[in-house]
Amino acid sequence: MAVTTGPPTGTTVDDGPDRPVRAARGSAGGGANLASHLVLALWTATVVLPFGWALIASTKTTREIFGDPWGLPETARWGNYANAWDKGVGEYLLNSVVVVTGGVLLTMLLGSMVAYVLARYEFPGNRLVYYLFAAGMMFPVFLAIVPLFYVVQNLGMLSTYRGLILVYTAYSLPFTVFFMHAFFRTLPRSIAEAAVLDGCSHTSTFFRVMLPMAKPGLLSIGVFNVLGQFNQFVLPSFLSAQKPVLAQGIATLLASQRYENDWGAMFAALAIAMLPVVIVYVVFYRQIQSGLTSGTLK
Amino acid sequence: MSLPNEHSRRVFMQRAVLASVLAAGGAGTLSACASGGSSGGASTGEGEVSADNPFGVAPDAPLDVVIFKGGYGDDYAKFHEELYKKQFADAEITHAGITDIRQQLQPRFNGGNPPDVIDNSGAEKLPISTLADTGQLSDLTALFDAESIDGGSVRDGVLPVAIEAGLYDDKPLVLNYALECYGMWYDQALFDSKGWALPETWADFMALCEEIKGAGIAPMAHQGKYPYYIQQFLMDLAVKHGGQEVAFAIDSLEPDAWKSESMVAAAEALAEVKGKGYMLDGTEGLDHIQSQTAWNEGKAAFIPCGSWLENEQKSVAPAEFVTTVAPTPLLDGAKLPYGSTRISAAEAFIVPSKAKNVAGGMEFLRIMLSKEGAAKFTELTAAPTVVKDAVGGLDLTPAAASVQALVESGGDDNWNYYYDVWYTPMDPKIQSAVAELAAGRLDATGFCDAAQKAADEAAADPTTNKRTRG
Amino acid sequence: MQHGRYRFVVGFLVVPLALYGVFVISPFVQAFYYSLTNWTGVSPEFEFVGLENFRRLADDSVFLRAIRNNVLLLVVVPVVTIALALLYAFLLNVGGRVGAAGVRGVRGSDFYKLVFFMPQVLSVPVIAVIWSVIMSPTSDGLLNSVLGVLGLEPSRFLANPDIALWCVVWVMVWGSVGFYLVLFNAAMTSIPRDVFEAALIDGAGRVATFTRITIPLLWDTIQTSWVYLAILALDAYALVAVMTAGPGGPDNSTQVIALQIASNGFQFGQAGYASAMGVVLFFATLVIAAIMLRITRREQIEY
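Just so it is clear, the model here is predicted, and its values are computed rather than measured.

Just to check I follow, could you spell out the overall build of chain B for this structure?
A count of helices and strands for chain B gives 19 helices and ten strands. Partitioning the contacts of chain B with sequence separation of at least 6, the portion at a separation of at least 24 is 78%.

Pasting the structure below:
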């Protein structure tokens, strides 16, 4: 199937009121519908309640959080947020945004270049390179972390944006290549061939023709990488101790609140870490989900 | 890793602050001793040795100080650096206050350029016994033999635990600076209002627990997610029953050290507390914050902890709560007196042997061990140090006063153990077994077997450097 | 097609490969080397000890326990996650309009997908902190008070060695289901409508349609999901480190390989030994990777 030729998801549904198949409805009518909603609502609760609780906890004192977990605070302690921000959350957030932006853009560019070449060009070593990257998906990062530290140190890139961006990119490449490789193989060959026959160079065929056609796949893997890189904390905690990113910063706060016993600020920090992501997600979730749609189906 | 993941980290992390010595007004009592003054001398390489400069510090040699910025902060070190600067005005001092000691310093050790002084503490501390075994730490014998800034030798001016806690193969390699004291903590106000008296014997303790339980309060809570705490209770019972030898045998990895009569009796006692339902419901799964908060709320009467407890809980404890430490009760036939307890020294200061300015590092430690330096530490952190008589005359909170009283009442009978820092891979296994015992999933025999197995594994491990005490 | 072909191929590969070689391949190769030494991680000096580290591993009961737990995660997490995601995808369909292959059918299905997916966008430490507080083992803990209302005994959750690992499994599954629900749901939209119409005209019920038509057509996606989830299950480090007692406890019931690597490599000053653990993990995962790639390389279904 050719995923790019269909219209975007979400526009193909719910039409044709007079289709003959309507007659077949009913076997799973209202009762099943209600049961579905019940089950789905239950899972919804498991997602919404914890986050809701955490948000409320962010306005409580430590005593209220553990002494009266279900209660509302006597007075909302918005100062928790100021405390959390002062403890570095704002700075961590900025670091994360810079690093993830750079890391994802570079990952997408390099990853799709490799994937395209591997998917569309036969050359000696093609399979070798492919497996080299594919195997990288399975590398336990822990195996490499100490030597990696010295590699980055020798390059003078510890606790720098460019160091983290390059490392994030390198560790995101395997999955990106694996994913885009599969995606490029689904694109019709004829278009690229036509472009080359029209005199396009291989490079401009890639950038002008293939990359735009691969947009749904890029979006999908892009989202995947944004999430993955944003949530990364093993790598930065070793390589960027002086310039913490957000996930790592949360861990640092988690450690430091053990000295200071301020769980209100801890939950405020969690809220600060969650809210922007959730808002971006809620705004863009159609794109995110439709990107997934087209991208993952080979 | 960055996450607070280390098994025993809890404690090291917040080896924090003995609560309580009220800093207010403390400044007036500071020793007025002047620190050395300038000491002249050549500026090439090593400086000239003099009474004021016993290690021959080169006056213009830079000093690189890295401090664990945990519960004690790092302001005290900045004060010590000022004192150093007074003595060596030309020395350029680099100060770093960080929490991830290991992550930042590991590459510097590997690269052969470690700092001159390190406070190696916290969850992310460097493995100290490995550093000791590989000869990377300076011998501090010269420091303890040197003349103290306050007169007399440095050795005479500190509590013995300061030196003993830093001994590796009979050489003092580490200076543990902050004093810590362990015991069972309770709310004096609650006990007064109920008319409860502190139990000195196990029978009295059991009777009191029954009464407390009858009053609708859990007799005991512990920080179950970190078994280290309830382990203090267990070890205290065992060592006070059998004497110091119990701890010596354990630290020396003697065969069947964990199966001694005293250890079995202590394990049975702990199992009895659990078995009779005297533990706070679910306490085996609570972390320190949750359990200590429950205790502050009067849900439990006793909780085992170290002397940092009051400070750690100050934002949580109700105003009327009177945090107080009590000694662990005695099992029948105990050899040590009721008033004795475990005393340890924390905040492990080291001078790497490959540091560029070893003499400067030693001098920095000597300054820390002056009464002026120690008093400032206590003033800033509310925690006592290993320096004797540095803070006399300060107003103490009830918690600090009770700690002080316990330290004094124990005297030479106060004890300590070191296996956890000597044999790091063994410690999580012991703690795991303690957790099982305290949760009632292992009986005393099962615990002793599991603990002994861990000790035997450490003893059989060719990479372990066995040490002995006693 | 031949003109400039190799120059193009090389030009496109050189930068990514260099990056990959420097930051990924070379550290891994070095780690293999260290696994044959007694490097402490804090000293520039170390000796070559051959396979001694690997011999010690075979006797390391905690490490073997970690392997067992990782294997359990590897099996359970993908199975449960995929089953739940398929169930919810089915439920989203069941009440919906037939004509659309059901995907947008159930009222509020957009809302459900929005909510279910949410945990996926949050970092693991955030999730771990929240759940460990929810699963507080006291009877007045959040989840226990819910159990109390339902008339159930309070659970110790992470403090009970029999269920602690299952608590970790739950949080992993909880965090992943939404992603795979959306994935499966999306896969269904791309199944041509006439397939369903034909089935329904033939009188197949919804359940039958789902099990006999939808799932087989999704098989490829399901297998891909298995790969992602297997990777997730092998890296349970962050969750375990934040949530469990010890971490890895109680009684090593939640011990995982990554945790052991971290403890040995850094806390115990046995970086060489920890590298050997990493090498074992590497070969284990290589086997899994090979099996998975073989499976997922099967012929694409054309329809």
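Whenever I open this one, the overall build of chain C confuses me. Can you help?
Helix and strand counts for chain C come out as twelve helices and zero strands. Listed N to C, the secondary structure of chain C is α-α-α-α-α-α-α-α-α-α-α-α in terms of helices and strands. For chain C, the C-alpha atoms occupy an extent of roughly 75 × 75 × 30 Å along the three principal directions. Taking as baseline every contact in chain C between residues at least 6 positions apart, the subset at least 24 positions apart corresponds to 68%.

Hey, could you run me through the environment of B:G333 in this one?
Mapped onto the secondary structure, B:G333 falls in the loop between strand 9 (323–326) and strand 10 (343–350). It is 6.5 Å that separates the C-alpha atoms of B:G333 and B:H241, two residues lying 92 residues apart in sequence.

Mind showing me how you'd approach the interface of chain B and chain C here?
Accessible area lost upon the coming together of the parts is a frequently used measure of interface size. Taken residue by residue, the interface counts 32 residues in chain B and 32 residues in chain C. Going through the elements one at a time, helix 3 (101–110), helix 4 (128–133) and helix 18 (426–438) of chain B are the ones with two or more residues in the side of chain B that touches chain C. Tallied by class, the residues present in the side of chain B that touches chain C amount to eleven nonpolar, 15 polar and six charged.

What's the story with helix 8 (residues 202–213) of chain A in this structure? I'm lost.
For an α-helix the count is 3.6 residues per turn, leaving residues at separations of three or four pointing the same way. With twelve residues, helix 8 of chain A extends 15 Å from end C-alpha to end C-alpha; this agrees with the ideal 16 Å at 1.5 Å per step. Every buried residue of helix 8 of chain A is listed here: A:H202, A:T205, A:F206 and A:M210. In a view along the axis of helix 8 of chain A, the buried residues occupy a sector of 95°, so they form one face of it. Along helix 8 of chain A, exposed side chains directed more than 90 degrees from the buried face belong to A:R208 and A:P212. Its buried side turned inward, helix 8 of chain A meets helix 3 (79–120) and helix 7 (189–197) of chain A together with helix 1 (5–34) of chain C.

Would you mind going over the nonpolar core with me for this structure?
For soluble globular proteins, nonpolar side chains are generally found buried alongside one another. Grouped together as the largest cluster of nonpolar side chains are 332 residues, with contacts concentrated most on A:A269, A:L270, C:V168 and C:L239. For this core, the leading source of residues is helix 7 (residues 164–189) of chain C, giving 18 residues. When residues no more than four places from it in sequence are discounted, the contact partners of A:A269 are A:A84, A:K87, A:V89, A:I250 and A:L253.

Would you mind going over unusual backbone geometry with me for this structure?
Glycine aside, the phi torsion of most residues is negative, and most peptide linkages are trans. At B:E347, a position not held by glycine, the phi torsion is positive, near 65°. The backbone phi angle of C:D251 is positive, close to 55°, even though this residue is not glycine. Its place among the elements puts C:D251 in the loop between helix 10 (237–243) and helix 11 (257–267).

Honestly, the packing of helix 9 (residues 228–242) of chain B against helix 10 (residues 244–251) of chain B in this entry has me stumped. Any pointers?
Helices that pack against each other are described as a pair by the angle of their axes relative to one another and the distance between those axes. All names here are of chain B. Two numbers describe how helix 9 lies on helix 10: the axes approach to 5 Å, and their chain directions differ by 120°. Contacts from A238, V239 and G242 in helix 9 reach Q244, E245, V246 and A247 in helix 10. Here the contact of helix 9 with helix 10 is composed, by residue class, of four nonpolar, two polar and one charged.

Hey, could you run me through helix 1 of chain C in this one?
All names here are of chain C. Between the first and last C-alpha of helix 1 there are 40 Å, a value that for 30 residues agrees with the 44 Å anticipated at 1.5 Å per step. Its maximal kink placed at G21, helix 1 deviates by approximately 45°. Inspection of helix 1 places V9, F12, L13, P16, Y20, F23, V24, P27, F28, A31 and Y34 among the buried residues, and these make up the whole buried set.

Which parts of the structure should I look at to understand the environment of A:L34?
All names here are of chain A. By the secondary structure assignment, L34 is in helix 1 (residues 30–57). What makes L34 exposed here is the crowd of 11 C-beta atoms within 10 Å. Sequence-wise, L34 and M157 are 123 residues apart; in three dimensions their C-alpha atoms are separated by 57 Å.

Sorry, what's going on with the pairing of strand 1 (residues 63–68) of chain B here?
In the case of a regular strand, side chains alternate between the two sheet surfaces. Residue and element names in this part refer to chain B. Counting buried residues in strand 1 gives six out of six residues, a clear majority hidden from the surface. Direction of pairing for strand 1 relative to strand 3 (residues 117–119): parallel, over a ladder of two bridges. Across the sheet, the residue bridging to V66 is I118, located in strand 3.

For this particular structure, what's the right way to read the pairing of strand 10 of chain B?
All names here are of chain B. Most of strand 10 is tucked away, with eight of its eight residues classed as buried. Here strand 3 pairs with strand 10 via two bridges, running antiparallel. Note on strand 10: the bridge partner recorded for I118 is I350. As defined by bridge partners, strand 6 (residues 175–187) adjoins strand 10 across six bridges and the pair is classed as antiparallel. Counterpart to E180 in the pairing with strand 10 is S344.

What is the right way to read the confidence of the model for chain C from this model?
Predicted coordinates in areas of low pLDDT are best not read in detail. Residue and element names in this part refer to chain C. On average, residues of chain C carry a pLDDT of 83, and 91% of them reach 70 or more. Across residues 96–104, confidence stays below pLDDT 50; counting only partners more than four residues off in sequence or on other chains, it has 33 contacts. Throughout residues 299–303 the model reports pLDDT below 50, and contacts reaching past four residues in sequence, or to other chains, amount to eight contacts. Reported confidence for the predicted complex is 0.83 by ipTM and 0.78 by pTM.

Is there a simple way to explain the environment of A:N95 in this structure?
If you trace the backbone, A:N95 turns up in helix 3. Those residues in contact with A:N95 that lie beyond four places of it in its chain are A:K243, A:P244 and A:V245.

Could you clarify how one ought to interpret the packing of helix 2 (residues 75–87) of chain B against helix 15 (residues 371–381) of chain B in this entry?
All names here are of chain B. It is at 9 Å that the axes of helix 2 and helix 15 come closest, and there the two elements cross at 155°. One element, helix 2, and the other, helix 15, form an angle in the roughly antiparallel class. Of the two possible hands of crossing, helix 2 and helix 15 adopt the one that is right-handed. Listed contacts from helix 15 to D75, Y76, F79, H80 and L83 of helix 2 are G373, K376, F377, L380 and T381.

Conventions and cut-offs
- Per chain, the residues get numbers from 1 upward, laid out in the order the sequence is written.
- Chains carry letters from A onward and ligands carry numbers from 1 onward, assigned in written order.
- The predicted origin of the model limits local features to residues at a pLDDT of at least 70 and limits the giving and counting of side-chain atom pairs to 80 or more, whereas totals for whole chains, interfaces and linings rest on all residues.
- Numbering of helices and strands runs from the N terminus; a helix is a DSSP stretch of H or I covering at least four residues, while a strand is a stretch of E covering at least two.
- By definition, residue pairs are in contact when their C-beta atoms, positioned from the backbone, come within 7 Å.
- All residues other than Ala, Val, Leu, Ile, Met, Phe, Trp, Tyr, Cys, Pro, Asp, Glu, Lys and Arg, Gly among them, are scored as polar; the first ten of these are nonpolar and the last four charged.
- Each helix should span, by expectation, one fewer than its residue count multiplied by 1.5 Å.
- Any residue whose C-beta has 12 or fewer other C-beta atoms within 10 Å is treated as exposed, any with 20 or more as buried, and any in between as partly exposed, C-beta atoms being built from the backbone.
- As used here, the arc belongs to the directions running from the helix axis to the C-beta atoms.
- Remark: nonpolar core denotes a set of buried Ala, Val, Leu, Ile, Met, Phe, Trp, Tyr and Cys residues whose joining runs through C-beta atoms within 7 Å.
- Only the stretch in contact is used when fitting a helix axis, every axis being a line fitted to C-alpha atoms; angles between N-to-C directions are given from 0 to 180 degrees.
- The angle between axes fitted to the seven residues ending at a residue and the seven residues starting there is what we call the bend at that residue.
- For two strands to pair, DSSP has to find at least two bridges joining them.
- The predictor rates its confidence in each residue with pLDDT, a number between 0 and 100.
- The labels follow the angle: roughly parallel below 35 degrees, roughly antiparallel above 145, roughly perpendicular from 65 to 115, and oblique for the rest.
- Crossing chirality is assigned from the near helix's rotation relative to the far helix, an anticlockwise turn below a right angle marking it left-handed and a clockwise turn marking it right-handed.

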